[in-house]
4 protein chains.
Amino acid sequence: MTQTNGKPAPGRRNSQYQKRLSSVLRAASKVIARDGFEGASVREVAAKAKIGLSGIYYYFESKDELLYALQHHAFSTLIESLQEKLAQLSSPEDRLKAVFDNHFQYFANNMDDLKVCVHEIESLSGKYYKKVLKVRQEYYGLVKSVVAEVTGRKNYATNLATLSLFGSLNWVYMWYDKEKNIDIDKVSSQFLRVFLNGVKAS
Amino acid sequence: MTQTNGKPAPGRRNSQYQKRLSSVLRAASKVIARDGFEGASVREVAAKAKIGLSGIYYYFESKDELLYALQHHAFSTLIESLQEKLAQLSSPEDRLKAVFDNHFQYFANNMDDLKVCVHEIESLSGKYYKKVLKVRQEYYGLVKSVVAEVTGRKNYATNLATLSLFGSLNWVYMWYDKEKNIDIDKVSSQFLRVFLNGVKAS
Amino acid sequence: MTQTNGKPAPGRRNSQYQKRLSSVLRAASKVIARDGFEGASVREVAAKAKIGLSGIYYYFESKDELLYALQHHAFSTLIESLQEKLAQLSSPEDRLKAVFDNHFQYFANNMDDLKVCVHEIESLSGKYYKKVLKVRQEYYGLVKSVVAEVTGRKNYATNLATLSLFGSLNWVYMWYDKEKNIDIDKVSSQFLRVFLNGVKAS
Amino acid sequence: MTQTNGKPAPGRRNSQYQKRLSSVLRAASKVIARDGFEGASVREVAAKAKIGLSGIYYYFESKDELLYALQHHAFSTLIESLQEKLAQLSSPEDRLKAVFDNHFQYFANNMDDLKVCVHEIESLSGKYYKKVLKVRQEYYGLVKSVVAEVTGRKNYATNLATLSLFGSLNWVYMWYDKEKNIDIDKVSSQFLRVFLNGVKAS
DNA sequence: TATGAATGAGACTTCATTCAT
DNA sequence: TATGAATGAAGTCTCATTCAT
């Protein structure tokens, strides 16, 4: 990316810059999760990040780029941590368990981010949409390959099973209630068990 | 609600009124499904319904009420048709199949409506939110009771299973592609099989 | 006035027509007094008069005409009843007392109307404004002539005194409180006394 | 009030800001005096103030707040200047004269403002109404206390006399004509004389 | 590096009015 | 005599964005 807007080259970014930037991201995550991307206002993000409204535009060239950054970062992290986990496992069932655990853990620690990823998929367009699509597909592909190890590579079944799996996982933000102290690991295990038994028996 | 805004009492609504009203609803469904509730503009709904912008407000007192009408009607229809199907079936597995089929059929015939129901759940607030919540919970309860017949009423498992089920079903609009002529009945069967085997084995 | 809008000629107006018309006028008076002319909506006037919104336009060709009718009728009545009272009195002081009493009595019985007359003087324009201006000036002239009998026709003083008098009288709607059971006759007497002593001593 | 809308904290307001702000206030005063509060459009205020429509909302959070600012400022000024005058006078009659003069002078220099104060008293509601009510009552109380010095504190008479006085004063905008070069000091004196003689003789 | 000030576009909504019936 | 249905104009307000400083 060329530096057209005065943003410092990565090398010059100091820790102050990083701190502010992630403060903005966190604020954006919270506000967009609550109000939706269209409903969220840059004003409120700025207020929550404790910088002036126009300060946002030092860090991001547009509201769209803000959403892009949020989504891209979340998917990248998800992929990275999943790959790390998978690298140490060989049994298909353990590997599938890693998929569930990884997703649920990320969700537990970054609810707002994951909600924004799931709910605002179609809020971007153009270049930002394409870039996010790419990582999303990478994540999808990675998960599908693990599912395939269990289903035995019957393509049609694997595809549908993976889509069903994503549906279950992505819906979590709709019913998970922080306050209720639900044990997310148990949820993960239970979801895994149903899914695993389901695909194996089919 | 008192009739201060000239909306005729139900008894006097003629067929012309009904035709226009459902034309508005169809337009709204399409636009909101495409742009999201916040992103959708009443102007465009009106244009698609071929009435003047202010004409919308003869039929609905606000954009919110429009969304409410859409969601409430969809859930009510879903419940009604499911109840009709269930009334004629007694085997738990047939009944569970009815749940899947009913949902997928409704989706196939009313994609936009279902997307609006799933994606814009949190776009309402206040009285409209509450009213929709009520029918949503009714639908959820109905489905859960059928799932319970299969899981054997172990409450915790039934709950999670039902939530997982809804996740799978509600996610469909994200990947289903009309153009690709996917056979929705097959999808329903496949989803059913995985889910059923999953919960039975667990 | 020519009959362009299908309004029946006076001769054909039956009592049903009269009843509805005054129901509309009463409703308009109340709503306009409360919300101001601009703030008042024809819709609400119709609702309060228990006819359909477009029904108003059978009786009045526009919102402006409605205000005109209200104001013109009020001033005419005020003039008429004052003239009747004056016709029977000869002492200047009694006649001035009649002015006060007449105004206060009309106010007591038609608060909304008088408020609309006082507060919405400038809300009309064009022909309606001119017509109301005429009766207003007639009323003003009448009162001024009575004041002159007391001040002894020194023009400048009479003018200012009359204006001061109208100010006092017209302001009443701002502080008079129906609920407090204020004795309007006492108020009239007291206002008269101060004014009379004031102009006589000057 | 928290500063969520970018309005600078008082300390940081520069003179440019002040200049624009009073330009907006002046424009608003003129437009609202002419068209009434409901009839006035923010658009026209902006045009007269030579800023963009939305620029208004940088200075005021709503049309209501604009009216509030106008009214509150006018009454505060009126009170302040009256208190200054009264501080230097001891004779009851001189003090009453100060009341008249103060009011008339303020009117002469700020006709639009005073008209807006008098005519749009009921155009506000909620918090803005309450705040203005408070200063209005303060002004009323101040004037009443001066009147009481002359009437000798007979409460009922003092009250009515003060109300009558305000009526006379507030009505001025209805008949005072700038073009006619009326001598406002003479008007003040004449009004004072009538009122003073009136209450003293009663 | 950050923001105060401003803006143009566009949003939802209300309103007086009309006209066929 | 009255109204159901519809509309165009206008209104207030919010928003993402810009730019001089």
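Counting secondary structure elements, chain A contains nine helices and zero strands. Along the chain direction, N to C, the helices and strands of chain A fall in the order α-α-α-α-α-α-α-α-α. For chain A, with 202 residues in total, the buried portion stands at 48%. In chain A, of all internal contacts separated by at least 6 residues, the share reaching a separation of at least 24 is 67%. Accessible area of chain A: about 10100 Å², with a carbon and sulfur share of 50%.

Residue and element names in this part refer to chain D. Tracing the sequence through the fold places D113 in helix 6 (residues 111-119). R26 provides the closest opposite charge to the buried, salt-bridge-free D113, at an N-O distance of 8.4 Å. Non-local contacts of D113, meaning those with residues more than four positions away in its chain, are made with S29, L70 and Y106.

Further remarks concern the domain arrangement of chain A. Residue and element names in this part refer to chain A. Taken as a whole, chain A is organised into domain 1 (11-60) and domain 2 (62-201). When each unit is reduced to the centre of its C-alpha atoms, the spacing between domain 1 and domain 2 is 25 Å. Facing the 16 residues of domain 1 at the interface are 14 residues of domain 2. Taking both partners together, domain 1 and domain 2 bury about 1300 Å²; carbon and sulfur atoms supply 71% of that area. Our enumeration of links across domain 1 and domain 2 arrives at zero salt bridges. At the boundary of domain 1 with domain 2, the tally comes to six residue pairs in polar contact (both at pLDDT 80 or more). Of all the elements in the fold, those that place two or more residues in the side of domain 1 that touches domain 2 are helix 1 (15-35), helix 2 (42-49) and helix 3 (56-59). Per-element tally for the side of domain 1 that touches domain 2: the top contributor is helix 1, with seven residues. Along the lines of polarity and charge, the residues of the side of domain 1 that touches domain 2 split into twelve nonpolar, two polar and two charged.

With that settled, the discussion passes to the protein's contact with DNA strand E. Around DNA strand E, the surrounding shell holds 37 residues, and the nearest of these are S54(A), Y59(A), S54(D), Y58(D) and Y59(D). The share of sugar and phosphate among atoms of DNA strand E within 4 Å of the protein is 58%. In the model, a phosphate oxygen of DNA strand E is placed 3.2 Å from a nitrogen or oxygen of the A40(B) main chain. Elements that contribute at least two residues to the surface near DNA strand E include exactly helix 1 and helix 3 of chain A, helix 2 (42-49) of chain C together with helix 1 (15-35) and helix 3 (56-59) of chain D. It is helix 1 of chain D that contributes the most residues to the surface near DNA strand E, three residues altogether. Partitioned by chemical class, the residues of the surface near DNA strand E number 16 nonpolar, 15 polar and six charged.

Counting from both sides, the interface comprises 30 residues of chain B and, opposite them, 30 residues of chain A. With both sides pooled, the region where chain B packs onto chain A buries about 2800 Å², and carbon together with sulfur makes up 67% of that total. At the junction of chain B with chain A, the criterion picks out two salt bridges. Across the pair K115(B) and E122(A) runs a salt bridge whose closest N-O atoms are separated by 2.8 Å. Taken together, the elements giving at least two residues each to the side of chain B that touches chain A come down to helix 6 (111-119), helix 8 (155-175) and helix 9 (184-201) of chain B. Looking at the side of chain B that touches chain A residue by residue, the classes come out as 15 nonpolar, ten polar and five charged.

For DNA strand F, the set of nearby residues contains 38 residues, the closest of which are S54(B), Y59(B), G52(C), S54(C) and Y59(C). The protein-proximal atoms of DNA strand F, defined as those within 4 Å of the protein, are 56% sugar or phosphate. The separation between a base nitrogen of DNA strand F and a polar side-chain atom of R43(A) is 3.4 Å. Note that a phosphate oxygen of DNA strand F is positioned 2.7 Å from one of the side-chain N or O atoms of Y58(B). Counting only elements with at least two residues in the surface near DNA strand F, the list comes to helix 2 of chain A, helix 1 (15-35) and helix 3 (56-59) of chain B, helix 1 (15-35) and helix 3 (56-59) of chain C together with helix 2 (42-49) of chain D. It is helix 1 of chain B that provides the largest number of residues to the surface near DNA strand F, a total of three residues. Taken together, the residues that form the surface near DNA strand F break down as 16 nonpolar, 15 polar and seven charged.

Before going further, it helps to spend a moment on the interface of chain C and chain D. Tallying the contact residues gives 30 residues for chain C and 30 residues for chain D. Interface of chain C and chain D: buried area, both sides summed, is about 2800 Å²; carbon and sulfur atoms make up 67% of it. It is L160(C), W171(C) and V194(C) in chain C that bury the most area against chain D; as a group they hold 19% of the surface buried on that side. Counting across the interface, chain C meets chain D through two salt bridges.

One broad trend across soluble globular proteins is that nonpolar side chains are buried collectively. Among the nonpolar cores identified, the biggest contains 143 residues, and L96(C), F100(C), W175(C), L96(D), F100(D) and W175(D) are the most heavily contacted of them. Not counting chain neighbours up to four residues away, the residues in contact with F100(D) comprise L165(D), L169(D), S188(D), F191(D), L192(D) and F195(D). Grouped together as the second largest cluster of nonpolar side chains are 142 residues, A28(A), L70(A), V146(A) and V143(B) included.

All names here are of chain A. Here the second largest pocket is characterised by a volume of approximately 1000 Å³. Lining the second largest pocket we find 36 residues, and of these F107, M111, D112, Y176 and K178 sit closest to its centre. For the lining of the second largest pocket, the per-class residue count stands at 18 nonpolar, seven polar and eleven charged.

Helix-helix packing: each pair is described by the crossing angle between the helix axes and the interaxial distance. All names here are of chain B. Contact geometry of helix 7 (residues 126-151) with helix 9 gives a least axis separation of 9 Å together with a crossing angle of 50 degrees. Here helix 7 is positioned oblique relative to helix 9, judged by the angle of their axes. Only F195, L196, V199 and K200 of helix 9 make contact with helix 7, whose side of the interface consists of V147, V150 and T151. Residues that form the contact of helix 7 with helix 9 fall into these classes: five nonpolar, one polar and one charged.

Another point: empty space enclosed by the protein. The tally for this structure, following the rule as stated, stands at seven cavities of 30 Å³ or more. Counting residues per element, the ones that place at least two in the lining of the largest cavity are helix 8 (155-175) and helix 9 (184-201) of chain C together with helix 8 (155-175) and helix 9 (184-201) of chain D. The biggest single contributor to the lining of the largest cavity is helix 8 of chain D, with five residues. Looking at the lining of the largest cavity residue by residue, the class counts come to twelve nonpolar, five polar and no charged. What the second largest cavity holds in volume is close to 150 Å³. S164(A), S168(A), S164(B), S168(B) and F195(B) are the residues nearest the centre of the second largest cavity, which is lined by 14 residues in total. Those elements that place two or more of their residues in the lining of the second largest cavity are helix 8 (155-175) and helix 9 (184-201) of chain A together with helix 8 and helix 9 of chain B.

Cut-offs applied
- Residues numbered from 1 in each chain as written.
- Chains lettered and ligands numbered in written order.
- Predicted model: local features only at pLDDT ≥ 70, side-chain atom pairs only at ≥ 80, totals over all residues.
- Heavy atoms only, no water.
- Helix = DSSP H or I, 4+ residues; strand = E, 2+ residues; numbered from the N terminus.
- Buried < 20%, exposed > 50% of the residue type's maximum accessible area, 1.4 Å probe, protein only.
- Contact = heavy atoms within 4.5 Å.
- Areas by Shrake-Rupley, 256 points an atom, 1.4 Å probe, with all protein chains shown as cover.
- Lys, Arg positive; Asp, Glu negative; His and termini not counted.
- Salt bridge = Lys/Arg side-chain N within 4 Å of Asp/Glu carboxyl O.
- Domains from an automatic or database assignment.
- Buried area = accessible area lost by both parts, 1.4 Å probe.
- Polar contact = N/O pair within 3.5 Å; in protein donor to acceptor, adjacent residues only side chain to side chain.
- Nonpolar A, V, L, I, M, F, W, Y, C, P; charged D, E, K, R; others polar.
- Near = heavy atom within 4 Å.
- Core = buried A, V, L, I, M, F, W, Y, C linked by side-chain atoms within 4.5 Å.
- 1 Å grid on protein atoms, 1.4 Å probe; cavity = no way out; pocket = protein on both sides within 12 Å on 5 of 7 lines; lining within 4 Å.
- Points joined across faces, edges and corners; volume = space filled by probe spheres on them.
- Axes fitted to C-alpha atoms, helices over the stretch in contact; angles between N-to-C directions.
- Parallel < 35°, antiparallel > 145°, perpendicular 65-115°, else oblique.

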